[in-house]
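Structural features, examined
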Amino acid sequence: MKGKNKMDYKGKSEQMIEYIKKLRACIKWLLEREDANLAEIVKLNGLLEAAEKHHSQIVAQLKSAIEESKTINEELQKQYASLEENLKKVEAEKMDALRSYGDEKETRIALESSRNELLEDLSRLKLEGKRLNEQIKMLQDTNKRLQEYNTSLQQYNSNLQADVTKNGETITKLQKEKNTMVETMNGLKDHANSVKMQLDLAKSSQNEALKQKNELLKEVDNLRSELQQVREDRDHKLVEVHSLLAEIGTYKEMTGKSAVELDNVMTRSTALEEICSAQQERIKLLEVQLASTNEKLKRSDLTTIESMTEYEKQKRMSEDLQLRLEEAEQQIIDGEKLRKKLHNTILELKGNIRVFCRVRPLLSNESGAISYPKSGENLGHGIELTHNAQMYAFTFDKVFDQLASQEDVFIEISQLVQSALDGYKVCIFAYGQTGSGKTYTMMGKPEIHDQKGLIPRSLEQIFQTSQTLVSQGWKYNMQASMLEIYNETIRDLLANNRTSIQDGGVSKYSIKHDTNGNTHVSDLTIVDVSSFNEVSSLLKRAAQSRSVGRTQMNEESSRSHCVFTLRIFGVNEGTDQQVEGVLNLIDLAGSERLNKSGATGDRLKETQAINKSLSCLSDVIFSIAKKDEHVPFRNSKLTYLLQPCLGGDSKTLMFVNLSPEVSSTGESICSLRFAARVNSCEIGIPRRQTQIRSLSQG
């Protein structure tokens, strides 16, 4: 307790009294909460006892019905026995009286038909008895399941915290394994490509070796034929030489021809001998060439065998690498499936509707009225606002102070953007008074990297992630549209001709929801996009068409709700998987009080329409949270457009933007109270581990 000085006991006692009052109020609220919980438990016990009484009554009724059916069955059996006796009597009478055969035959047919009818009645009664027995078993099973369900709920409450921690560790581990597998797969692909190139080179070298072998074989055959021809010529010449020598001897002995003729013959013989020696030298040369060719042929055969062996080895290695590659791809696919499941489980535990708070920086001429917890469990989640000398404290899923950058904000919502690629409906919208920084949070300044808002950053992440998933077999098609809701009238921000609507013409756009939970706006411009640059040009074109106006609270205030929708269609041909996700990014118009905005004329009409649609949005969220039978979606074009995103397994995030200046504290408190009510809502699957834990303790 702080006073004006150390002796200011009166001031300290007054502060102590205020704290005591607050503590008593808290104790009173806790006691009321405990009484409400006890009353709820008593009510549930009464319902359980009533159900058990009703169950015992049904069992008694079923038992009496079974006893009645048994009695009826016995009577029918007796009737059946008596009918059989009558039938025997009729047959005996038939044997005794042939004249009345025709009448007896008709009687017998009638008796047989009645017998069949009785048998059918008997079978129906048996079936009815079986059905009643099955109903008794079903009721008993239902009672057991209720008891087991009660036990499982208690176990579920105690195990959820451990599951969250385990899932987080599993996701981290799977992410690391995924990165390792991707690197391994890339390495294996590179190695497989290099092996394939080596195989191609080995095949080409083998083909060249075979060609050389064939050419050498042809050359050997030619050399052999030439050698054979030379040998034949040599033999022929030797025969001629011997014949000439014989002739010379014969001539010398018999005729004694002249020395001139003898010299001619000798000259001819010498020439023939020279030719023969030359041919012998050529034969030796051809034999040397033949031996060299045979050696080349052997080396070529060895090279061919080595190439074939290397080829088989490389082929087996390639097949092994292909199998490992297929296994790695399957592990990556299985890991991606598990990642999607765990990612969605974590987001469901965090809450299908979450609330973030962001405070814009102070301007040079403004004084602040907002502070934040410095320590404790509310650090990063709490915000404190001073209004009329009274402190108001609020807690949300995340609170961003004036120093938070656009990147800091986007990191917190990036998981929701990933859910859109995984096939879920995601909706992110900014809420707050005029001049609190909603448009800066959603759009920012796309031309400056550090000041890009959630919309351009989300689109960059989606296109980058979709490109990385191409290696896993995914193909994505995306469609973009952008509209604004101005004075409860839909305007197409991507239409080429908007003159008639701007001049006050009747809107031609109507909202429809199909059976799959998808929203369609008739005649709305839908553009197929394949890159971030295409979407960026669409955003620039839409920004030039949006309705803005000047109020006393903001020089250029957004006077309409701007809705950017990106539909994502993904197909994996390898696993036959298909996903269809939707990302809605919404910049709501600025909320403001009429007496403070200074709006008149058209601005007054705009302000009234804006405040009405925001009020309808809060009514819808609270109706869903209370599980009302009727949810007033149709009270506003905005809520009817967002109907599929506010229930089921959809993911919704609300940014409440605040102005920190003292003059805006009244509007800031209204925005924070609305956000706190949304933050306490339970839509879809239960959202917080802390709440689950408190329920199990209650």
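Residues numbered from 1 in each chain as written. Predicted model: local features only at pLDDT ≥ 70, side-chain atom pairs only at ≥ 80, totals over all residues. Heavy atoms only, no water.

**Side note on a negative patch on the surface**
A grouping of Glu312, Glu319, Asp320, Glu326 and Glu327 is seen on the molecular surface, where their side chains present a negatively charged patch. Relative to the assigned elements, Glu326 resides in helix 3 (residues 259–350). With a relative accessible area of 43%, Glu326 lands in the partly exposed category. (Patch = residues over 30% accessible without salt bridge, like charges linked within 9 Å, V, L, I, M, F, W, Y side chains within 5 Å. Areas by Shrake-Rupley, 256 points an atom, 1.4 Å probe, with all protein chains shown as cover. Salt bridge = Lys/Arg side-chain N within 4 Å of Asp/Glu carboxyl O. Lys, Arg positive; Asp, Glu negative; His and termini not counted. Charge placed at Lys NZ, Arg CZ, Asp CG, Glu CD. Helix = DSSP H or I, 4+ residues; strand = E, 2+ residues; numbered from the N terminus. Buried < 20%, exposed > 50% of the residue type's maximum accessible area, 1.4 Å probe, protein only.)

**Comments concerning the UniProt feature "binding site: ATP" (unreviewed entry) in the protein**
When the UniProt feature table is mapped onto this chain numbering, "binding site: ATP" (unreviewed entry) sits at Gly432, Gln433, Thr434, Gly435, Ser436, Gly437, Lys438 and Thr439. Within the secondary structure layout, Thr434 lies in the loop between strand 6 (425–432) and helix 5 (438–442). Judged by relative accessible area, Thr434 falls into the buried class, the value being 3%. (UniProt positions renumbered as here; feature names shortened; annotations may be inferred.)

**Points about the environment of Ile455**
Note that Ile455 resides in helix 6 (residues 454–468). Sequence separation between Ile455 and Gly444 is eleven residues, and the spatial gap between their C-alpha atoms is 8.5 Å. With residues near it in sequence (within four places) discarded, Ile455 still touches Met442, Met443, Leu539, Phe564 and Leu585. (Contact = heavy atoms within 4.5 Å.)

**Re the sheet that holds strand 4 (residues 390–395)**
Spatially, three strands are ordered 2-3-4 in an open sheet, and the strand pairing comes out antiparallel. A single partner strand is all that each edge strand has here, and the edge strands are strand 2 (370–371) and strand 4. Two elements, strand 3 (residues 382–387) and strand 4, share six bridges in a ladder whose sense is antiparallel. Bridge pairing links Ile383 to Phe394 in strand 4. Strands in contact with helix 12 (residues 665–679) are strand 3 and strand 4; relative to strand 3, the strand with the most contacts, it is inclined by about 145 degrees. (Pairing = 2+ DSSP bridges. Axes fitted to C-alpha atoms, helices over the stretch in contact; angles between N-to-C directions.)

**Side note on a nonpolar patch on the surface**
Taken together, the side chains of Leu23, Ile27 and Leu31 make up a nonpolar region of the molecular surface, amounting to roughly 300 Å² of accessible area. With relative accessibility at 46%, the residue Leu31 sits in the partly exposed group.

**Some details on the packing of helix 6 against helix 8 (residues 532–545)**
Remark: helix 6 packs on helix 8, axes separated minimally by 10 Å, with the N-to-C direction vectors making an angle of 160 degrees. The angle between helix 6 and helix 8 falls in the class roughly antiparallel. Considering how the two elements wind past one another, helix 6 and helix 8 form a crossing that is right-handed. On helix 8, the residues touching Ile455, Pro456, Leu459, Glu460 and Phe463 of helix 6 are Phe532, Val535 and Leu539. When its residues are assigned to classes, the contact of helix 6 with helix 8 shows seven nonpolar, no polar and one charged. (Parallel < 35°, antiparallel > 145°, perpendicular 65-115°, else oblique. Left-handed = near helix turned anticlockwise from the far one by under 90°. Nonpolar A, V, L, I, M, F, W, Y, C, P; charged D, E, K, R; others polar.)

**A closer look at the packing of aromatic side chains**
In total, this model carries six aromatic pairs according to the counting rule given. Ring plane angle 10 degrees and centroid distance 6.5 Å describe the contact between Phe394 and Phe396, whose orientation is recorded as stacked. Ring centres of Trp474 and Tyr476 lie 5.9 Å apart, and the angle between their planes is 20 degrees; on these two criteria the pair is classed as stacked. Like Trp474, the residue Tyr476 is buried in the burial classification. Each residue in the set Phe356, Phe400 and Phe655 is aromatic and connected to the rest through ring pairs, giving one cluster. Sitting over the face of the ring of Tyr19, Lys22 holds its NZ or CZ atom 5.8 Å from the ring centroid. Over the ring of Tyr424 we find Lys651; its NZ or CZ atom is 4.8 Å from the centre of that ring. (Phe/Tyr/Trp six-rings, centres within 6.5 Å; stacked < 30°, edge-to-face > 60°. Lys NZ or Arg CZ within 6 Å of the ring centre and 35° of its normal.)

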